[in-house]
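# A closer look at the structure
One-letter residues, chain by chain:
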Amino acid sequence: MTKPSSHLPGARSTELFARAQQSIVGGVNSPVRAFRSVGMGPLFIQRGHGSRIVDVDGNEFIDYVGSWGPLILGHAHEAVLEAVQRVLRNGTSFGAPTELEVQLAEQVKDFVPSLERLRFVNSGNEATQGALRVARGFTGRDYVVKFAGCYHGSVDSLLVKAGSGATTLGVADSKGVPAASAGTTLVAEFNDLDSVIQLVEEYPGEIAAVILEYIPGNMGVIAPELPFLRGLRDLCDREGMLLICDEVMTGFRVARGGAQSLFDVPPDLSTFGKVIGGGFPVGAYGGRADVMAHIAPEGPVYQAGTLSGNPVAMAAGLATLKLLEDESVYSDLAAKTQRLTDAFSQIAGEGGVALQTTCFGGMFGFFFGDARVRNYTDALASRGDLYPHFFRGMLEHGVYLAPSPYEAAFVSTAHSDADLEQTIEAFRYAVGHL
Ligand SMILES: *Cc1c(COP(=O)(O)O)cnc(C)c1O
């Protein structure tokens, strides 16, 4: 692999971005893709294969974004391509049930035993929206507790982070979200059970659910403390609230059974996305059969989708999950993220750069700074200001990370020892030049 040009983005990416902005708002179809928080324009990607992506200027990178999580097998995996090609020749959508939906549902249930019943949707966003609606329908309550820094898609009522660490009534992060919507969201601090207890005391009998990423991956990667997760489970049981585990990022990523399998804290409902579609638009939500029975046509909670359960997407998800049955997959992924984060810590330490790293299965993250990061307040207090320069150093040495200090990184089964070695050398360079 040749070293990418040090003029990034290249001429063709720059030209395409200018053109894109004439027709697509901001030039991108999801904001973080614009690379604003690293102070440069985005690379337009031409193709991917295995662990690598190539941009339209011919620069090649080892990819740790993996389409933001779905590509646990790497790009253009033969088994996924083959399954998709076989299915699409028979028609791409019917809006009627197909056997593939049943097969994928059975496979997902097999991996995640807390899913007694589930429903497929087209994104993680729709999954969390559906889960909240059924939680509210089931309990007859309106309020939902979320945690500052946890991301659950751009659902109106969940676009609330609350600025300070205070546990306050939600104020939307986005214009266009009605105050009434944001006002049903109560924000607590991650790893702080007391902050949730306080809300429960303030809103007795009014909270439908507590939703969280058991392992937050959208404020950097943060490890949950076991007493916190266990405490949430007990509190939900005592107060008649549902515990919703958002596994859109962690599902089939940190372990075959998701984050919930690592901590033995069974949720009432879970949401999935990303890996479940093997690179196609699929989401799912599910859990307790008595709760899910409230969804139409069995019950009064309405939720629907024209392309939900799309056969091509189901085939990609199924081909992906089938390959995750292999016993060695998750130990191999964990060994890779451990090797990277160990090397990063060592190199940073030698260079006198303070660094905190975390890894779970095929996902990892790091914060620059001295203090251990337990929640969103800590994450924001870390040295995110070092990231743009670091990011560029990595990019120039052929390593493509997320263009923001508060995102997770992902390894795939396709990442080789040579990829890891090159990544560690890039890190040595990038940290050495901070
Ligand atoms: C990505 C993500 C979502 C949103 O999923 P989309 O498919 O982007 O709609 C929700 N929750 C978590 C934890 C995520 O990481």
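Residues numbered from 1 in each chain as written. Predicted model: local features only at pLDDT ≥ 70, side-chain atom pairs only at ≥ 80, totals over all residues. Heavy atoms only, no water.

Attention now goes to the nonpolar core. In terms of nonpolar packing, the biggest core is built from 70 residues, with Y64, F252, L324, F390 and L401 touching the most fellow members. There are two domains that each give this core at least three residues, and those are domain 1 (1-63) and domain 2 (78-323). If we skip the residues at most four places from it in the chain, L324 touches I72, L73, F111, F252, R256, V275, V329 and Y330. Listed in part, the 47 residues of the second largest apolar core include F147, L159, L232 and A379. (Core = buried A, V, L, I, M, F, W, Y, C linked by side-chain atoms within 4.5 Å. Buried < 20%, exposed > 50% of the residue type's maximum accessible area, 1.4 Å probe, protein only. Domains from an automatic or database assignment. Contact = heavy atoms within 4.5 Å.)

With that settled, the discussion passes to the site of the ligand. Neighbouring residues of the ligand: S123, G124, N125, Y151, H152, G153, E213, N218, D246, V248, M249 and K274. In the model, an oxygen atom of the ligand is placed 2.8 Å from a nitrogen or oxygen of the G124 main chain. One nitrogen or oxygen atom from the main chain of N125 is found 2.7 Å from an oxygen atom belonging to the ligand. Class assignment of the residues belonging to the shell around the ligand gives a composition of 3 nonpolar, 6 polar and 3 charged. (Near = heavy atom within 4 Å. Polar contact = N/O pair within 3.5 Å; in protein donor to acceptor, adjacent residues only side chain to side chain. Nonpolar A, V, L, I, M, F, W, Y, C, P; charged D, E, K, R; others polar.)

A few words on the packing of aromatic side chains. Where two aromatic rings form a pair, the distance of their centres and the angle of their planes describe that pair. Applying the stated criterion to the full structure yields 22 aromatic pairs. A centroid spacing of 6.3 Å and a plane angle of 70° characterise the contact between F263 and F360, whose relative ring orientation is edge-to-face. With F263 in helix α8 (residues 259-263) and F360 in strand β11 (residues 355-360), this pair connects stretches of sequence that are 97 residues apart. For F360, a relative accessible area of 17% puts it in the buried group. With a centroid separation of 5.6 Å and 80° between ring planes, the pair formed by F366 and F390 is classed as edge-to-face. Of this pair, F366 sits in strand β12 (residues 363-368) while F390 sits in helix α13 (residues 387-396), and the two are 24 residues apart along the sequence. A relative accessible area of 10% means that F366 is categorised as buried. F390 gets classed as buried once you look at its relative accessible area, which sits at 0%. Among the aromatic side chains, those forming a connected cluster through ring pairs are F35, F61, Y64, F344, F364, F366, F368, Y387, F390, F391, Y400 and F427. (Phe/Tyr/Trp six-rings, centres within 6.5 Å; stacked < 30°, edge-to-face > 60°. Helix = DSSP H or I, 4+ residues; strand = E, 2+ residues; numbered from the N terminus.)

Let's shift gears to the sheet that holds β12. Backbone-to-backbone hydrogen bonds pair the strands of a sheet. The strands run either parallel or antiparallel. Read from one edge to the other, the open sheet built from 3 strands follows the order β11-β12-β14, with strand pairing classed as antiparallel. On the outer flanks of this sheet lie β11 and β14 (409-410), each paired with one strand and no other. Along the sheet, helix α11 (residues 328-350) makes contact with β11 and β12, crossing β11 at roughly 175°. (Pairing = 2+ DSSP bridges. Axes fitted to C-alpha atoms, helices over the stretch in contact; angles between N-to-C directions.)

Moving on, we come to the domain arrangement of the chain. Size of an interface: often given as the accessible area lost when the parts come together. As assigned here, the chain comprises domain 1 (1-63) and domain 2 (78-323). Relative placement of domain 1 and domain 2: their C-alpha centres are 31 Å apart.

As a further point, take unusual backbone geometry. The residue after L8, namely P9, is reached through a cis peptide bond having omega -5°. Structurally, the position occupied by P9 is in the segment before α1 (11-23). In this structure, P297 follows A296 across a cis peptide bond, with omega equal to 10°. Relative to the assigned elements, P297 resides in the loop between α9 (289-292) and α10 (311-323). Backbone geometry places A76, a non-glycine residue, at a positive phi of 50°. Structurally, A76 can be placed in the loop between β3 (60-63) and α2 (78-88). For K274, which is not a glycine, the phi torsion comes out positive at approximately 50°. Inspection of the secondary structure puts K274 in the loop between β9 (269-272) and β10 (283-287). The exposure class of K274 is partly exposed, given its relative accessible area of 24%.

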